[in-house]
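A structural walkthrough
Chain residues, written in single-letter form:
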Amino acid sequence: MKILIIEDEPQMLDTMRQSLEREHYTVEAVSDFKSASDKIGTYTYDCILLDIGLPDGNGLELLKQLKEQGHEDGVIIVSAKDSLDDRLTGLDLGADDYLPKPFHMAELHARVKAVLRRRNFDGNTTIEIGNLIINPENRTVKMEGSELVFNRKEYDILMYLVTNKNRLVTKTALAEHVWGDHIDQSDSFDFIYSQIKNLRKKLEKATLKVEAVYGVGYKLEIE
Amino acid sequence: MRLLNYTTKYLAFVLLILLTIWAVIFYFAMLDEIYDSLDDGLENQKLLMVQRAGDDASILTQNDPEFKKHIYNFTSISKANYQNFEESYRDTLMYMRNEKDYEPVRIYESAVAFGDDHYKLKIITSMVEVDDLVEHMILYLAGLYTLLIISILLLNNLLLRRIWRPFYHLITQLKNFRIEKNTALLIPESNIEEFNLLNTTVDRLIKKSTESYISQKHFIENASHELQTPLAISINKLELFLETNDLSDAQLKNLSAVMDNLSKLTRLNKSLLLLSKIENHQFEEEATIDFRTLTEKILADFEDMAAHKKMRFVTSSNGTLKHTINNDLAVVLLTNLIKNALVHGKKNEDIQIKITSDRWQIRNFGSMVELDKKSVFSRFKKSTGRENSTGLGLAIAKAISDKYSLTLHYRFEGAHIFELLVPVSK
């Protein structure tokens with residue numbers, strides 16, 4: 001899988017690259033409009049992470065360029081601006097997703113995987129993990145042939161942990177992903193715990209384990 | 001009290017005093033004049049009497065001390081008396097037939113000599129009735145006073161109103177002025193120097209305030225934007241660090257505290273950005289939103305949190321509540337109010353949401369102390385012991401309500417009630 005990061009902030013770029021490389025993607029990175037334009041003109045990528053606020057040009061122009069060249073690279077717009085206009089224009093121009101900064105790494109991985117899944121496995125989108133087979137299309141989970149029933153939140157948590165398997169998912173990232181951005185001002189994320197408990201109970205016979213990382217979050221491990 | 005009538009009030013008071021003083025002085029001056037002319041008349045009468053006595057000596061002995069027949073009387077006196085006699089004028093009362101009452105008369109006493117005979121001469125004349133005079137004067141003065149006040153009021157209201165028109169024009173505009181709406185004032189021209197000075201000063205003041213308001217708004221927006229990237233880097237670096245290192249529980253605990261604070265900072269920053277976006281009118285798209293449907297959708301998100309606090313949402317709706325509002329902002333508005341009730345609500349208590357055709361109300365039990373109505377919607381107003389709240393939630397709700405002419409207010413009736421009044425659509 002080839003991923004291109006277009007990001008002008010070197011530290012941001014470095015962190016994203018490191019995190020993505022741990023997933024064994026081939027990561028390339030550029031930090032200005034000109035070299036980004038050259039790159040996407042020459043190569044195709046499975047997913048492009050595009051910061052639209054570049055010092056020497058608007059990232060949205062790169063989207064237009066992609067469209068004109070008929071390239072169908074998956075694009076996730078990464079922006080510090082979180083403006084509705086940019087989001088709409090971006091999605092109109094063919095971007096797959098819009099991720100406002102600051103974001104959690106777990107969220108970035110989830111979005112990247114979703115894009116990759118949509119691009120690369122047309123029709124056949126099941127995920128096999130441990131002894132589970134997940135079908136994101138119709139939100140069903142099967143364990144050794146028999147179906148496991150999860151409610152909406154449990155399924156969302158499971159999917160999020162699965163896309164971030166073997167990585168630490170912080171409580172904040174999980175809460176924001178499953179319960180929405182607006183959950184943020186709550187006293188604590190203790191209420192997540194009861195959902196995790198239910199999930200663990202249902203996964204008792206699975207070869208997956210939801211590990212708690214002290215005070216920080218959770219990690220899905222495959223036995 | 002309006003300025004016009006305010007001056008009239010003082011004028012009326014001053015006029016009353018002035019007129020009273022003037023009336024007293026006038027009364028005495030007039031009385032003095034009357035006496036003077038009466039006395040002159042009496043003296044003239046005396047000369048006429050003396051002349052008549054020369055022609056007809058009988059009048060000297062008519063002996064009419066009660067003035068029954070004539071208005072004069074001669075009494076014989078000794079020479080010594082004559083020499084020591086002092087002329088006098090005095091007032092006395094006499095029965096008047098026409099009035100059937102005792103009325104004041106003026107008596108003039110003098111001494112005259114005819115050869116060796118000496119006489120005391122008394123002449124009377126009818127006098128002005130002082131009590132009648134006073135009574136009439138008060139009546140006329142009251143009339144004058146009323147007339148004056150009426151004309152002042154009329155003059156004020158016609159003339160002054162015209163003169164002060166630019167002033168009232170300015171005041172009306174100032175009353176409707178909202179700095180966040182960024183509307184310019186229509187400053188009227190006036191040929192009165194003071195008004196022009198006032199107008200230009202107000203104009204300058206408003207332009208300056210608007211400028212600093214806008215620059216402050218931009219500053220907040222820019223600052224928040226600039227903070228996003230360093231925040232993102234810090235959070236992501238920490239996440240990466242947590243993933244790639246095997247850390248002890250103590251280390252994890254510290255790092256998680258750092259993460260929590262960074263998230264707090266992120267939330268704060270997002271809220272500030274949202275506030276300035278609302279104020280900068282960056283949410284222009286509007287749709288008709290059904291508040292009941294929206295409430296149910298949001299409550300679904302908060303179910304788990306409520307269950308964790310052993311709280312329950314009880315929604316009752318009576319009629320449909322719809323309003324034209326930006327969808328995202330409607331979500332933020334209701335979310336913030338619901339979240340507020342949830343965060344500050346007491347454990348094991350219900351949160352009641354009531355929806356009627358003109359209002360949306362949320363009621364939660366919490367501390368039994370009423371919040372300060374004035375500052376409850378201010379930015380960074382936090383109740384104590386709520387480290388994790390940004391103190392912006394209600395300020396944002398208020399900003400959104402203001403933008404869409406909804407009225408958001410708070411009251412305390414044993415429970416904390418936040419109520420959103422929706423204007424009836426045309």
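Our subject is the structure listed above.
The text that follows walks through the structure, step by step, so that each part is easy to find.

What counts, and at which threshold
Residues numbered from 1 in each chain as written. Chains lettered and ligands numbered in written order. Predicted model: local features only at pLDDT ≥ 70, side-chain atom pairs only at ≥ 80, totals over all residues. Helix = DSSP H or I, 4+ residues; strand = E, 2+ residues; numbered from the N terminus. Buried ≥ 20, exposed ≤ 12 C-beta atoms within 10 Å, placed from the backbone. Contact = placed C-beta atoms within 7 Å. Pairing = 2+ DSSP bridges. Axes fitted to C-alpha atoms, helices over the stretch in contact; angles between N-to-C directions. Core = buried A, V, L, I, M, F, W, Y, C linked by C-beta atoms within 7 Å. Right-handed = clockwise from strand over helix to strand, strands pointing away. Nonpolar A, V, L, I, M, F, W, Y, C, P; charged D, E, K, R; others polar.

1. Here's the deal with the overall build of chain A
Along chain A, the regular secondary structure elements total eight helices and 14 strands. In chain A, which comprises 223 residues, the proportion classed as buried is 41%. Expressed as a percentage of contacts within chain A between residues at least 6 apart in sequence, the contacts between residues at least 24 apart total 56%.

2. Notes on the sheet that holds strand β4 (residues 117–126) of chain B
Residue and element names in this part refer to chain B. Spatial strand order, β1-β4-β3-β2: four strands in an open sheet with antiparallel pairing. One side of each edge strand has no neighbouring strand; the edge strands of this open sheet are β1 (72–77) and β2 (88–96). Adjacent strand axes in the sheet meet at a mean angle of 30° when their direction is disregarded. By the bridge criterion, six bridges tie β1 to β4 in an arrangement that is antiparallel. Across the sheet, residue N73 finds its bridge partner in β4, namely K122. Lying on the sheet, helix α1 (residues 3–55) is in contact with β1, β2, β3 (101–114) and β4; it crosses β4 at an angle near 135°.

3. Considering the sheet that holds strand β11 (residues 416–421) of chain B
Residue and element names in this part refer to chain B. Spatially, β6-β8-β9-β11-β10 is the arrangement adopted by the five strands of the open sheet, whose pairing is mixed. With partners counted over all chains shown, the strands left at the sheet margins are β6 (312–318) and β10 (407–412), one partner each. Geometrically, the sheet is characterised by an average inter-axis angle of 15° between neighbouring strands, direction not taken into account. Note that β6 and strand β8 (residues 350–356) share seven bridges and pair parallel.

4. Structural notes on the nonpolar core
In terms of nonpolar packing, the biggest core is built from 106 residues, with I48, L49, L50, I76 and L174 of chain A together with I396 of chain B touching the most fellow members. Among the elements that take part in this core, helix α8 (residues 327–344) of chain B stands out by supplying 10 residues, more than any other. Not counting residues within four places of it along the chain, the set of residues in contact with L50 of chain A comprises I6, G59, L62, V75, I76, I77 and V78 of chain A. Core analysis: the next-biggest nonpolar cluster, separate from the first, contains eight residues, Y72, Y108, Y119 and I123 of chain B among them.

5. So, the pairing of strand β1 (residues 2–6) of chain A
Looking down a regular strand, the side chains alternate between one sheet face and the other. All names here are of chain A. β1 sits mainly inside the fold: four of its five residues count as buried. In terms of strand pairing, β1 meets strand β2 (residues 26–30) through five bridges, oriented parallel. Across the sheet, the residue bridging to K2 is T26, located in β2. Once you follow β1 into helix α1 (residues 10–21) and on to β2, the crossover reads as right-handed. Sheet topology places β1 next to strand β3 (residues 47–51); four bridges connect them, and they run parallel. The partner of L4 across the bridge, within β3, is I48.

6. Digging into helix α7 (residues 171–179) of chain A
Counted residue by residue, α7 of chain A has nine buried out of nine residues, so it is predominantly covered. Those residues of α7 of chain A not exposed but buried are K171, T172, A173, L174, A175, E176, H177, V178 and W179 of chain A.

7. Notes on the interface of chain A and chain B
Counting residues at the interface gives 34 residues for chain A, matched by 33 residues for chain B. Every element with two or more residues in the side of chain A that touches chain B is listed here: α1, β12 (168–170), α7 and α8 (190–202) of chain A. Per element, the largest residue contribution to the side of chain A that touches chain B is five residues, and it comes from α1 of chain A. Its residues placed into classes, the side of chain A that touches chain B shows 12 nonpolar, 14 polar and eight charged.

8. A word on the environment of I196 of chain A
Residue and element names in this part refer to chain A. Along the chain, the position of I196 falls in helix α8. A sequence separation of 22 residues divides I196 from Y218, and the C-alpha atoms of the two residues are 9.2 Å apart. Not counting the four nearest positions on each side in its chain, I196 is found in contact with I157, V210 and Y218.

9. Focus on the environment of K297 of chain B
Residue and element names in this part refer to chain B. Among the structural elements, K297 can be located in helix α7 (residues 291–308). Residue classification places K297 among the exposed residues on the basis of 12 C-beta atoms within 10 Å. Taking the C-alpha atoms as reference, K297 lies 9.3 Å from V331; in sequence the two are 34 residues apart.

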